[in-house]
Structures are given as C-alpha cells and as structure tokens.
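Summary of structural features
These are the residues of each chain, in order.
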Amino acid sequence: MRVLVIGSGAREHALCVALSSDPGVSALACAPGNAGTRAIAEPLALDVADADAVAAVATAWRADLVVIGPEVPLVHGAADAVRDAGIACFGPSQQAAQLEGSKSFAKHVMDAAGVPTARAWPVGGPAELETVLDEVGAPFVVKDDGLAAGKGVLVTDDRDAASAHGRRILDAGGAVLVEEYLDGPEVSLFAITDGTTVLPLVPAQDHKRRDDGDGGPNTGGMGAYAPLPWAPPGLVEEVLETVLQPTVDEMERRGETFSGLLYAGLALTSRGVRVVEFNARFGDPETQVVLPLLETPLAGLLHAAATGTLAEHPPLRWREGAAVTVVVAAPGYPEAPRTGSPVTGGDGEGVLHAGTAVAADGSVVSAGGRVLSVVGLGPDLAAARQAAYERVAAVRLADAHWRTDIAMAAVEGRISPP
Ligand code: AMP
Ligand code: GLY
C-alpha cells in the first residue's frame, strides 16, 4: 500500500514513524512534511489549504491511501477531493469536519445526540457579550467559534479581560461563544471510525498552557502523556457509550457521515464527563504518545476506517508501558515565534520534528512555533518522563522554551478525578 500523509507537524512525523513500521506499507510520502519526516517519507511540495492540490498530489504520486493530519485541509474539503479522485482517504468530509470547524455546529450535534457538554451562549454583538458575561459569571470562558489553532479560548476570572477577548473576536468579524466553566482534569480520547463502527484509542492528557504550573497563554499543546494512571476504571467505555458512538450515529442520521478520527476533548467534572470540544483529526501532541503504544499496524487500521470495513477489523492491541512527549518551542511562541534558528541534536530516536525546515546548506532550522516534540518511552510514566527529558537535554535551539513539568502531576499522584 502506498500511503501519503498530509501535513508538516510532529503529529505527521509520528504518523509517518508508525506507518513506516507497518509491513503493509510499500511506499510512504509526506506532503509537505518537515526536516524530520524526509528521513522516512518522500517529501512532496503542497499547499495543504488547497483541496484540489491535495487530490492532485495524491493522484500524481499514485497513493492508495491518503491520511490527512491537520484540520485546515479537512475544513477546506481535501478528503472530499481525494475521494472524488477515487483514492481512499482517512479524514472526514468538509461537512463532517464542521464538528471541529464550528463550535456552534458541534453544540447542535451534541444537543441532538444527548451528549453532555458545557452550556454555551452564542453572542451576536458587544452589548450582548456584556449581558451574557454578567449572567454567566466567573470563571469566564470566551471562545472564537471558528478554527483558532487552540489559541482562540480565554479562561479567566478577570471580567475585563474576558470582555476584551470577546470584543477582539467580534471586531475581527468572528463569532463568539461564552461557555459554562468546566472544572476537573482534562482527557483527550481519540477514536477511529468509519462512520458506523467506533474504536477508541488509549486516553492521553495534553498540557495546553505555555508555562510550568499551567501558567501563561493557551497554546497548541506543550506536551502530553499516555496512558493516564489516574483515569477512573471504565472511562473509555463510558465515553464510547455516552459521547463517541452517539455523536457518530447523529452525524450519520444527518447524512453527514463522520469517518476518520474523532477526538473528544473531555473534562472529568464533579458533575460527570463533559465534552470541552471535538476535533476532526489526530491531536497534536497527544498522537506522539498514543501511536508508540499501539501495536496494531496503523496503515491497515486507517485503511479499514477509510473504506468502511472497521467492523471486520481485529481488536486493537496495545504495548505495555507509557509515553511522554515534551514540546520544544521557539522563543516568542505562541504570539510571535522566532524562526530561522539552527536546530541541532534533533536527529535521535524519539525526536519528532514539527516546525523545522532544511536550509540551503542542508542544515536544520526552526520554521514554526512548536519546533520539536521529543518522546520518551518507559515501563511506567516516571521512566518515560525521564527518558523524554534526557532527550530534550541533547537538543540545541537558541532561547528555546519547554515546560519542565510534563506528566509530573500524574507521576506524583496529584491528579484526582471526582
Ligand atoms: P478548546 O479550543 O475549546 O479546546 O479550548 C482550549 C482549552 O481551553 C481547553 O483544553 C480547556 O483547557 C480550556 N477550556 C475550553 N472550554 C472550557 C470550559 N468550558 N471550561 C473550562 N475550560 C475550558
Ligand atoms: N492537542 C490539542 C489539539 O490537537 O487540538
């Protein structure tokens, strides 16, 4: 099987690593890829936001399966274009990707499917914003309704900051949602689906804030670990029954079949499990810790989802042990990352590339906010954490920033779901 991965982050590098170890894969390409993926996957130039270009690259390269990593091509209809070209595609249609692309669409689907989530108030203008903030009270959760790469949400006790954030989104022509605040630890649970059958993966936890101790702004994700030693028994089954399956069924009922990866961002609140958000693709950086634990060959699994044959797929097999990833970010991330700096020490095992590029002289330079995602594996979370940080210590990137406390609260037993 010739497999083409679309995207250029550490998630795509992790997908390429897992796909390249599947004996069913005869050729692997990554478009556009980064300085790390090119060691294992043929790089192909591509503007991922151009759906027709995605289909054209897949056709020209004679792909048997296209795996779409990021949300941007999905919401631009890349999966539809690839399928229209007669090629199997892992990723939802443009319509179905609205589960991620529009938070208000996701809320409608969850309402109809009886899926537990935060109450939300769509805000039409600045005056309504003030009224809603007064009504809902602190802590305030103010969101951009559209795609914002994980950076459109402000959670704050500061009413003025909440109001300013909402006004900024409105002024830019966006739509705003104010939400009920959800307490409790967060879980990222991924499920592979062909639109009918749903196979959950192991739960992971992301660290979304930039700084140690969950300080600083929200980012795309600064690190992650899996599995979750503190997860209540039966959590995956409960989420499958109350969230994942009902959502997939409701999408099918609407005639907007969702196939690909359904990512449920969950909060384990004092009042039960609640959905914080859906994403329509693998999470980054959680993928970097989930895939190393998956023993089942990945290409066969994604191909089954893409071709509607998941019901016949054997049950997933998992490795013992744990995985931790630490994101090495450029100075200035997330607001204004500085790019173009040399990156060295980033070629060892477990070092996944994100925002990297190959300079004219063949050296590796930073080319994005999240530069590397360094993964450690071990028999337990403490060992995996140590392995990850040992690898981070070997990386050289001027003024790089990373959190030093990824997975620490879990290792120290400080996370207790209600
Ligand atoms: P989102 O872009 O919706 O995933 O939100 C990004 C992050 O903001 C989440 O991972 C949470 O940490 C936080 N967040 C979003 N919605 C809520 C909410 N209703 N209550 C508390 N925190 C939230
Ligand atoms: N880890 C958060 C995301 O992928 O959206």
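All values derive from a computational prediction rather than experimental measurement. Numbers given to residues run from 1 along each chain, matching the order in which its sequence is written. Chain A is the first chain written and ligand 1 is the first ligand written, with later ones labelled in order. It should be noted that, the model being predicted, local features are given only for residues of pLDDT at least 70 and side-chain atom pairs only at 80 or more, the latter also being counted only at that level, while totals for whole chains, interfaces and linings use all residues. To obtain the side-chain values, all non-hydrogen atoms of the structure were included, while hydrogens and water were left out.

The subject of this paragraph is the overall build of the chain. The secondary structure content of the chain amounts to 13 helices and 24 strands. Our radius of gyration is a C-alpha quantity, and the globule rule it is checked against amounts to 2.2 Å times the number of residues to the power 0.38. Its C-alpha atoms give the chain a radius of gyration of 20 Å, within 12% of the compact-globule value 22 Å for 418 residues. Structurally, the chain occupies a C-alpha span of about 55 × 50 × 45 Å along its principal axes. Going through the 418 residues of the chain one by one, you find that 56% of them count as buried. Looking at the chain as shown, the accessible area adds up to about 16,100 Å², and 51% of this sits on carbon and sulfur atoms. Measuring between centres, the 30 positive side-chain charges of the chain sit 3 Å from its 53 negative side-chain charges. Put simply, DSSP H or I for four residues or longer makes a helix, DSSP E for two residues or longer makes a strand, and each gets a number counted from the N terminus. Burial status follows relative accessibility: with a 1.4 Å probe on protein chains alone, a residue under 20% of its type maximum counts as buried, one over 50% as exposed, and anything between as partly exposed. Per-residue and other accessible areas were derived by the Shrake-Rupley procedure at a 1.4 Å probe size, with only the shown protein chains allowed to occlude residues. Positive charges come from Lys and Arg alone, negative charges from Asp and Glu alone, with His and the N- and C-terminal ends not counted. In plain terms, the charge of a residue is placed at NZ if it is Lys, CZ if Arg, CG if Asp and CD if Glu.

Here we come to the nonpolar core. Take the buried Ala, Val, Leu, Ile, Met, Phe, Trp, Tyr and Cys residues and link them wherever side-chain atoms come within 4.5 Å; each set so joined is a nonpolar core. Judged by nonpolar contacts, the single largest core of 75 residues is most densely connected at Leu4, Val66, Leu99, Tyr225, Phe278 and Val324. The biggest single contributor to this core is helix α9 (residues 235–253), with six residues. Every residue pair with non-hydrogen atoms within 4.5 Å of one another is taken to be in contact. Setting aside residues up to four positions removed in sequence, valine 324 forms contacts with Ala224, Tyr225, Val289, Val374, Val375, Gly376, Leu381, Ala384, Arg385, Ala388, Ile406 and Ala407.

A few words now on the site of ligand 2. Any residue with a heavy atom positioned within 4 Å of a molecule or strand is treated as near that molecule or strand. As a structural note, the neighbourhood of ligand 2 is formed by Asp206, Lys208, Gly220, Tyr263, Asn279, Arg281, Gly283, Asp284, Pro285 and Glu286. Between ligand 2 and the protein, one listed contact pairs an oxygen atom with a side-chain N or O atom of asparagine 279 at 3.5 Å. The definition of a polar contact used here is a pair of N or O atoms within 3.5 Å, where within protein one atom must be able to donate a hydrogen and the other to accept one, and adjacent residues in sequence count solely through side-chain atom pairs. In the environment of ligand 2, a nitrogen atom lies 2.9 Å from a nitrogen or oxygen atom belonging to the backbone of aspartate 284. Coverage of ligand 2 by the protein chains reaches 91% of its 190 Å² of free accessible surface. Of the residues belonging to the shell around ligand 2, the class tally is two nonpolar, three polar and five charged. Gly is placed with the polar residues, together with every amino acid not listed as nonpolar (Ala, Val, Leu, Ile, Met, Phe, Trp, Tyr, Cys and Pro) or charged (Asp, Glu, Lys and Arg).

What follows concerns the site of ligand 1. Inspection of the region around ligand 1 gives 15 residues, with Glu180, Leu182, Glu186, Lys208 and Glu277 positioned closest. Within the side chain of lysine 143, a nitrogen or oxygen atom sits 2.9 Å from an oxygen atom of ligand 1. Glutamate 180 is positioned such that a nitrogen or oxygen atom in its backbone is 2.9 Å from a nitrogen atom of ligand 1. Mapped by element, the contributors of at least two residues to the shell around ligand 1 are β7 (140–144), β8 (153–156) and β17 (272–279).

Next up on the list: the pairing of strand β15 (residues 223–226). The two faces of β15 match: Gly223 and Tyr225 on one face and Ala224 and Ala226 on the other face are all buried. The pairing criterion for strands is at least two bridges between them, as found by DSSP. Note: strand β12 (residues 205–206) against β15, two bridges, orientation antiparallel. Among the inter-strand pairings, aspartate 206 is bridged to a residue of β15, identified as alanine 224. Note that β15 and strand β18 (residues 322–329) share four bridges and pair antiparallel. In the strand pairing of β18, tyrosine 225 is matched with valine 324.

Moving on: the pairing of strand β2 (residues 27–32). Within β2, five of the six residues are buried, leaving the element largely enclosed by the surrounding structure. Across six bridges, the pairing between strand β1 (residues 2–7) and β2 is parallel. Within the sheet, the bridge partner assigned to valine 3 lies in β2 and is leucine 28. The path from the first strand over the helix to the second decides the hand: if it runs clockwise while the strands point away from the viewer, the crossover is right-handed. Regarding topology, helix α1 (residues 10–20) serves as the crossover connection from β1 to the parallel β2, and that connection is right-handed. Pairing of β2 with strand β3 (residues 42–43) involves two bridges; the strand directions are parallel. Residue alanine 29 lies in a different strand from β3, and its bridge partner there is glutamate 42.

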